[in-house]
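Listed here are the chains, written in short residue letters.
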Amino acid sequence: MLKIEQLLAGRDFARDDPNAAQMVNFAYVIKDAATHRALLVDPAWDVAGLVQHVENEGYTLEGALVTHYHPDHVGGEIFGISIEGLARLAALRPEARIHVHADEADDVASMTGVPSRDLVTHRGGDTLALGAATIAFVHTPGHTPGSECFLVTDPTLAAGAPGSAEAPALVSGDTLFVGSCGRVDLPGSDPDEMYRTLTQRLAKLPAGTVLYPGHDYGATPTSTLATERRANPYLRVPDLESWHRMMGG
């Protein structure tokens with residue numbers, strides 16, 4: 001059976017770091033009970049604590065999935081704060097593979113210090129197996145050029161969140177939050193691509209898909225795409241011109 005575990009920075013890990021608590025990042029453990037293999041999504045802030053959590057539960061850490069290159073997700077410097085991340089993971093578990101979007105590999109390397117040659121690059125549509133589960137890489141540019149979400153499908157999925165046990169799950173990074181979406185006013189952001197991501201790329205996914213966002217910004221920690229399509233104003237914009245007005249462009 002596959003399970004997705006949601007961990008909140010400042011509460012479940014990095015408990016003594018006030019900056020982590022302020023940023024309210026979610027990290028995720030995708031773990032397969034049949035094979036005792038696991039993947040971390042966006043390990044940062046307290047990498048040793050995350051690795052220990054995985055291994056204390058009896059799982060072997062296979063690698064890490066990266067939603068995008070911003071330092072609160074992969075480590076690096078932000079606002080004068082030094083955040084540990086992928087470089088620490090590579091030092092602790094050099095056998096763990098780090099999976100990134102090809103368009104973001106150089107940025108991840110520059111931000112974290114992990115050489116590009118040590119990163120496993122992907123394009124949208126690639127897949128990765130974890131036990132019986134399939135993890136599909138969904139390229140969702142907008143917040144950053146190489147932002148990606150991870151669509152997890154497994155008939156035995158027990159997500160512990162809204163939706164049926166068989167519902168797919170979308171780990172969305174900073175592309176889609178509960179009730180909002182990622183910023184498009186940062187270097188490398190593209191408002192038009194974000195609009196296409198929200199209204200076209202993610203629109204193809206099943207309504208029952210459980211949403212696991214990259215930050216705890218919403219009224220609830222998880223949601224479903226059906227709920228977001230009904231209630232999230234950023235998914236209800238009828239055209240690009242209206243989107244530009246909404247985003248202040």
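Residues numbered from 1 in each chain as written. Predicted model: local features only at pLDDT ≥ 70, side-chain atom pairs only at ≥ 80, totals over all residues. Heavy atoms only, no water.

Undergrad: I keep staring at the nonpolar core and nothing clicks. Help me out?
TA: Within soluble globular proteins, side chains that are nonpolar tend to cluster in buried spots. Core analysis: the largest hydrophobic core is formed by 31 residues, its most contacted members being F13, W45, L86, L89 and I98. Per element, the largest residue contribution to this core is four residues, and it comes from helix α2 (residues 47-56). Once residues within four sequence positions are removed from consideration, L89 is found in contact with P43, V47, V51, L61, A64, P94 and I98. By size, the runner-up hydrophobic cluster in this structure holds 22 residues, among which are L128, A133, F137 and V152. (Core = buried A, V, L, I, M, F, W, Y, C linked by side-chain atoms within 4.5 Å. Buried < 20%, exposed > 50% of the residue type's maximum accessible area, 1.4 Å probe, protein only. Helix = DSSP H or I, 4+ residues; strand = E, 2+ residues; numbered from the N terminus. Contact = heavy atoms within 4.5 Å.)

Undergrad: Sorry, what's going on with the sheet that holds strand β3 (residues 37-41) here?
TA: Strand pairs in the sheet, formed through backbone hydrogen bonds, run parallel or antiparallel to each other. One open sheet accounts for six strands, arranged β1-β2-β3-β4-β7-β8; its pairing is mixed. Strands with a single pairing partner mark the edges of an open sheet, and in this sheet they are β1 (2-8) and β8 (119-122). Going across the sheet, the axis of each strand differs from the next one's by a mean of 25°, ignoring polarity. In this structure, strand β4 (residues 60-65) lies alongside strand β7 (residues 97-101), joined through three bridges in parallel fashion. Its bridge partner being in β7, A64 is matched across the sheet by I98. Here α2 sits on the sheet in contact with β1, β2 (26-32), β3 and β4, set at roughly 155° to β3. Relative to β8, helix α5 (residues 105-112) is tilted by about 150°, and along the sheet it contacts β7 and β8. (Pairing = 2+ DSSP bridges. Axes fitted to C-alpha atoms, helices over the stretch in contact; angles between N-to-C directions.)

Undergrad: Looking at this structure, I do not really get the pairing of strand β9 (residues 127-130). What am I missing?
TA: One face of the sheet, then the other: side chains in a regular strand alternate in exactly this way. Going residue by residue along β9, you find L128 and L130 tucked away on one face and T127 and A129 left uncovered on the opposite face. Across four bridges, β9 lies against strand β10 (residues 133-139) in antiparallel orientation. Along β10, the bridge assignment pairs L128 with I135.

None of the figures reported here should be taken as evidence of function without further support.
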